[in-house]
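# Coordinate analysis (summary)
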Amino acid sequence: MGLFTMNSDRKNDFGSGDIRLAIIHMALPMMLAELVNVLYSVVDRVYIGHIPQVGDMALTGLGITIPLVTITTAFASLCGAGGGPLCSIARGEGDEIKAEKIIGCTFSLLILIGLVLTAIFLLFMDPLLRAFGASDASFPFAREYAQIYVCGTLFSMLSFGMNFFINAQGFAKMGMLTIAIGAAINIVLDPIFIFALNMGIAGAAIATVIAQLCSAAWVLSFLTGKRSSLKLRRKYMKVEKRTAGAILSLGLSGFVMKATTGLVQILYNIQLRIYGGDVFIGCMTIVNSIRDVIFMTFHGLTSGFQPVLGYNYGAKKYDRVRAGIRFSTFVGLGYAAACWVVLMLFPGFFAHLFTDRQELLAVCIPHIRIFFAAFVVKALQMVGQYTFVALGKSRHAVFFSLLRKVIIVVPLVFLLPRLFGLGASGIFWTEPVADMVSSTICYTTMYFTLYRRMSQEENQS
């Protein structure tokens, strides 16, 4: 038997074959897709960091706008990461009408939230950027980029949020193309707008908005086309209270994870401005860019196993769910360990991708090592967190999102700079300390409340 069996309506069956191969089949394209996706922002930062004369300050200004990007992604995840697993579970139960109602409701939620966010961003742009840590020197660059970027908020939300439903049906390669198309357009347009047309940081924002528009168009054309077994249908584009509540409840974990990431980014910028100044904010922008590349690839792995685990959980095939958790943990730890070794050995290589300024490089190289010091255990947090999401355990997932970013990180951001004369370096030490504590608690809880409980249910059946 092949990896998947395909019935007459072309619905991927995750309930048969080797579950490790099923996860690989889903995860590899999604890991590549997430890697390509992060190039939207990272490529902008690489080009902007090398703008003659003003590159370092432009890079700092762009770093100030990162929370806006994160907030947009958080709301897209609230809808998409909630609807996607529910769609997978409905497919496992054999209820396609329910699955399509979830798709339609998610689409309407994304439209409504996207329009509201765009209005808020435009109305309160200046005070938001100041609150995010912009100095007088970095504010003009931050505003120039942000006022264009937020005009593409709706495109960004639709492409990111609705892509979950392509992946939920097993079309991982098509989901990858959603992101690859946009990223490729952005990569091509960036140097044209930034350098050839001499538009600077504004050119980077324009290129990004055009790319997001193209990605959104691709997603919607696929979900309304013939190849999709579950479709986006006008008759299901209703915000039904029960369906919307289930979507938002489950998606709350992904929202909290990303929204609290935005909160932490804001606090980092504010504290770094106090203890280190613009050069340290620029350093954090580079560190965040490196983290985004690694983390989003990691996110591709966890997004890849979610449809597989959710389908088998809905079909009550708990032995396959447990096997999928074991395999994902093993792969996640291996990937995280490989990333850790490379970053510890070659931090200067990654810093040089974003800047040639010696003052900024001198700050970046040691702080890359500090920030990623405990990255290996991050795998346990990711696998544990997304297992809760995949199996519909939204309360657990939300709690562990809050545990890391709010209960642990927020106090440390204010405490560590004051200890042992660490200053700005203490802000970078926040990450490894939080990784050690939260990852251990999250994975241990998942093991005892889900993994072992499924084993007991197998034995009783």
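Above this text sits the structure in question.
Procedures and definitions
Residues numbered from 1 in each chain as written. Predicted model: local features only at pLDDT ≥ 70, side-chain atom pairs only at ≥ 80, totals over all residues. Heavy atoms only, no water. 1 Å grid on protein atoms, 1.4 Å probe; cavity = no way out; pocket = protein on both sides within 12 Å on 5 of 7 lines; lining within 4 Å. Points joined across faces, edges and corners; volume = space filled by probe spheres on them. Helix = DSSP H or I, 4+ residues; strand = E, 2+ residues; numbered from the N terminus. Nonpolar A, V, L, I, M, F, W, Y, C, P; charged D, E, K, R; others polar. Buried < 20%, exposed > 50% of the residue type's maximum accessible area, 1.4 Å probe, protein only.

Turning our attention to the layout of surface pockets. Volume-wise, the largest pocket comes out at about 280 Å³. Forming the walls of the largest pocket are Leu86, Ile89, Lys98, Ile102, Arg242, Thr243, Ala246, Ile247, Ser249, Leu250, Gly392 and Ser394. For the lining of the largest pocket, the elements supplying multiple residues, two or more each, are α2 (55-93), α3 (96-123) and α9 (241-275). Among the elements that line the lining of the largest pocket, the one with the most residues is α9, at six residues. Of the residues assigned to the lining of the largest pocket, the class counts are six nonpolar, four polar and two charged.

Further remarks concern empty space enclosed by the protein. Applying the stated criterion across every chain, the model contains three cavities of 30 Å³ or more. When its volume is computed, the second largest cavity comes out at roughly 120 Å³. Lining the second largest cavity, in full, are Met30, Ala81, Gly84, Pro85, Ser88, Phe164, Asn167, Ala168, Ser303, Gln306 and Pro307. By residue class, the composition of the lining of the second largest cavity is six nonpolar, five polar and no charged.

In this model, Lys316 sits at a positive phi of 60°, which is unusual for a non-glycine residue. Mapping Lys316 onto the fold places it in the loop between α10 (278-314) and α11 (318-345). Of the residues examined, Lys316 reaches a relative accessible area of 60% and is grouped as exposed. Of note, Phe420 is a non-glycine position whose phi angle comes to about 55°, a positive value. With respect to the helices and strands, the residue Phe420 is situated in the loop between α15 (394-415) and α16 (424-460). On the accessibility criterion, Phe420 (78% relative accessible area) is exposed.

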